[in-house]
Amino acid sequence: PTGILSIRSFMILILGFITININLGFLGTPSSLQTLSLDGHLSFEENHHAARDFGNRYKFLPLAVLHPKSVSDIATTIKHVWQMGPGSELTVAARGHGHSLQGQAQAHQGVVINMESFSRQESQMQVHTGRNPYVDVYGGELWINILHETLKYGLAPKSWTDYLHLTVGGTLSNAGISGQAFRHGPQISNVHQLEVVTGKGEVLNCSEKQNADLFHGVLGGLGQFGIITRARISLEPAPKMVKWIRVLYSDFSTFTSDQEHLISAENTFDYIEGFVIINRTGLLNNWRSSFNPQDPVQASQFKSDGRTLFCLELAKHFNPDKIDKTNKEIEKLLSQLGYISSTLFLSEVPYVEFLDRVHVSEVKLRSKGLWEVPHPWLNLLIPRSKIHDFSKEVFGNILSNTSNGPILIYPVHKSKWDNRTSAVLPEEDVFYLVAFLTSAVPSSTGTDGLEHILTQNKRILDFCEAAQLGVKQYLPHYTTLTEWRAHFGPRWEVFMQRKTAYDPLAILAPGQKIFQKAI
Ligand code: FAD
């Protein structure tokens, strides 16, 4: 009997060893992926770029990077991982332009799909002119390329982000918010149709009419239900020029009531944003570097005295033959506002220059080595009724000395968002986006260092929670299921159901840290 037992034990050991080896074959080495027949290719070495993002804080090295040359490459890879079943740890993350902040486009020891590898081909973009123009684009396309292509037809998308070197799939997985959102809604409100590869490797078309649940789920879905491979984006006639205006306020209530008035006014501006200027005595001129004061004498006498100021930023589209009419409209709108009269600054720029404005700062920051630093950004959506409480504590107390980067603040109408999408919003009809776009000085232990900024972010979040402001994070980052459930609130059930339907093994976008692959 002892002999039989030991043979049995030996067999179990051998079987165990084989099983572990088979699993390791899938997990620890590229072997099974190498068998795939692809138009593009998989790379198993030198993949450090896929373990980085704009946030510059999280670094997870993938096992492989897929450089697809077709949608079928993406489907084949995902189907392969799906067929490996729950026994394998392999996950898959689409990487757009990698401008996430906390590793959301990374996949630790998984497959990262370099979505940009088959963009930038003009044939990938098809502009359809006519009464309701639209453009069909590839999911890995950069918005800046879409702008240049559609402008050839005198058209452009309606809703933007402040920075255009981001991909369609990346922004549609969040929302895509900028100063046009008060009128057109976010980018996810301006999409007619998507092509999506689900977590089972199926390629599906979806829209309001076809696979509607998948369509709404993917929009704002944090990459959880499928990879967006194509999108049909709504267009409008593009203006040639933009009147770009900045005015200052020292009183927060006047600033916000003017913003709220303008987002609902008739014939209003085409773009409405704002930002906070904290303790910028020496640098005050920076905020208007390419703007001209309407009254240079008065403007030169304006002193900020270290006060916290609020800058309202506006833009009105125009074509040169309509300049007089545009000037009159602007004059009328400005006459209704309560800004500090000596602080009216104007600029007139081509539409492309206006939309691509952040890229100018990027080039400058890159040249000084200040672009690839840690970015502990915090983006919040705050109900209108709570914005004063928020401002008092955050701008008046937590950040009264320094801000370590721009702070954007502007209101939008909830009615311009579709509540069937996955985007999570505050309860009220009007809410503010407040974006703390901080940069940390690497290895500094002072107020410009990462630790200090993270502590300030935490103080802001703790305050919002303690004061029950009903704030939601935009580009949310949580690490526990409890936090994610609280974030989604009553929408959690639908989010879970969609996950079960479209990515039941939790293969997709593991860097969001919402679901963990069952193994
Ligand atoms: P990535 O970082 O590559 O991916 C983001 C997430 O989407 C990941 O989970 C990824 O797996 C998933 N994903 C990527 N591609 C796809 C796809 N094709 N299908 C499905 N899932 C996919 N946001 C705004 O709303 N408004 C702004 O004004 C704005 N300005 C910004 C300015 C800068 C300088 C930066 C760095 C970011 C800004 N953002 C803004 C945030 C930005 O929209 C998001 O970080 C967005 O995810 C970045 O796009 P990306 O292509 O780099 O995506």
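Definitions and limits used
- Residues numbered from 1 in each chain as written.
- Predicted model: local features only at pLDDT ≥ 70, side-chain atom pairs only at ≥ 80, totals over all residues.
- Helix = DSSP H or I, 4+ residues; strand = E, 2+ residues; numbered from the N terminus.
- Rg over C-alpha atoms; globule rule 2.2 N^0.38 Å.
- Buried ≥ 20, exposed ≤ 12 C-beta atoms within 10 Å, placed from the backbone.
- Contact = placed C-beta atoms within 7 Å.
- Near = placed C-beta within 6 Å.
- Nonpolar A, V, L, I, M, F, W, Y, C, P; charged D, E, K, R; others polar.
- Domains from an automatic or database assignment.
- Axes fitted to C-alpha atoms, helices over the stretch in contact; angles between N-to-C directions.
- Parallel < 35°, antiparallel > 145°, perpendicular 65-115°, else oblique.
- Left-handed = near helix turned anticlockwise from the far one by under 90°.
- Pairing = 2+ DSSP bridges.

Let's talk about the overall build of the protein
Then comes step 1: Looking only at helices and strands, the protein features 16 helices and 19 strands.
Then comes step 2: Radius of gyration (C-alpha) of the protein: 25 Å, near the 24 Å computed for a compact globule of 519 residues.
Then comes step 3: For the protein, the spread of C-alpha atoms along the principal axes amounts to about 100 × 55 × 45 Å.
Then comes step 4: Each of the 519 residues in the protein was classed as buried or not, and the buried ones make up 40%.
Then comes step 5: Residue pairs at least 24 apart in sequence account for 74% of intrachain contacts in the protein once pairs closer than 6 positions are excluded.

Some details on the site of the ligand
Then comes step 1: Around the ligand there are 37 residues in total, and G96, H99, G169, G170 and G223 lie nearest to it.
Then comes step 2: Mapped by element, the contributors of at least two residues to the shell around the ligand are β3 (92-95), α5 (168-172) and β10 (226-237).
Then comes step 3: Per-class residue counts for the shell around the ligand are 15 nonpolar, 19 polar and 3 charged.
Then comes step 4: Looking at the shell around the ligand, you find at least three residues from each of domain 1 (2-116) and domain 2 (118-238).

Thoughts on the domain arrangement of the protein
Then comes step 1: The domains assigned to the protein are domain 1 (2-116), domain 2 (118-238) and domain 3 (241-474).
Then comes step 2: Of the residues lining the interface, 15 residues belong to domain 1; the matching set on domain 2 comes to 18 residues.
Then comes step 3: It is helix α3 (residues 71-83) that provides the largest number of residues to the side of domain 1 that touches domain 2, a total of 6 residues.
Then comes step 4: For the side of domain 1 that touches domain 2, the per-class residue count stands at 9 nonpolar, 3 polar and 3 charged.

Details of unusual backbone geometry
Then comes step 1: Even without being glycine, E46 reaches a positive phi, approximately 55°.
Then comes step 2: One can find E46 in the loop between β1 (41-43) and β2 (64-67).

Looking at the packing of helix α13 (residues 387-398) against helix α14 (residues 450-466)
Then comes step 1: Running from amino to carboxyl end, α13 crosses α14 at an angle of 155°, the nearest separation of the two axes being 10 Å. By the angle class used here, α13 and α14 are roughly antiparallel. Where α13 crosses over α14, the handedness of that crossing is right-handed. Residue-level contacts link E393, V394 and I398 of α13 to Q456, R459, I460 and F463 of α14.
Then comes step 2: The residue inventory of the contact of α13 with α14, partitioned by class, reads 4 nonpolar, 1 polar and 2 charged.

A short note on the pairing of strand β9 (residues 203-207)
Then comes step 1: Judged from the 5 bridges that link them, strand β8 (residues 191-198) and β9 form a sheet pairing that is antiparallel. Paired with L194 across the strands is C206, a residue of β9.
Then comes step 2: Counted along the chain from β8 to the antiparallel partner β9, the turn is 4 residues long, and its residue G201 has a positive phi close to 85°.

What about the environment of Q104?
Then comes step 1: Following the sequence through the fold, Q104 ends up in the loop between β3 and β4 (111-114).
Then comes step 2: Separated by 408 residues in sequence, Q104 and Q512 place their C-alpha atoms 4.8 Å apart.

Structural notes on the sheet that holds β1
Two orientations exist for strands paired in a sheet by backbone hydrogen bonds: parallel and antiparallel.
Then comes step 1: Read across the open sheet, the 4 strands follow the order β1-β2-β4-β3; overall the sheet is mixed. Strand pairing shows two members of the sheet lacking a second neighbour, β1 and β3, which therefore form its edges. Strand-to-strand twist in this sheet, taken as the mean axis angle between neighbours without regard to direction, amounts to 25°.
Then comes step 2: Note: β3 against β4, 4 bridges, orientation parallel. Considered in β4, the bridge of V92 is made with V111.

Regarding the sheet that holds strand β11 (residues 241-249)
Then comes step 1: Pairing in this open sheet of 9 strands is antiparallel, and the strands run β13-β15-β11-β14-β12-β17-β18-β16-β19 from one edge to the other. Two strands lie at the open edges of the sheet, namely β13 (292-293) and β19 (472-474), each paired on one side alone.
Then comes step 2: Bridge count between strand β12 (residues 271-277) and strand β14 (residues 309-318): 7 bridges; the pairing is antiparallel. In the sheet register, V276 faces β14, and the bridge partner there is F310.

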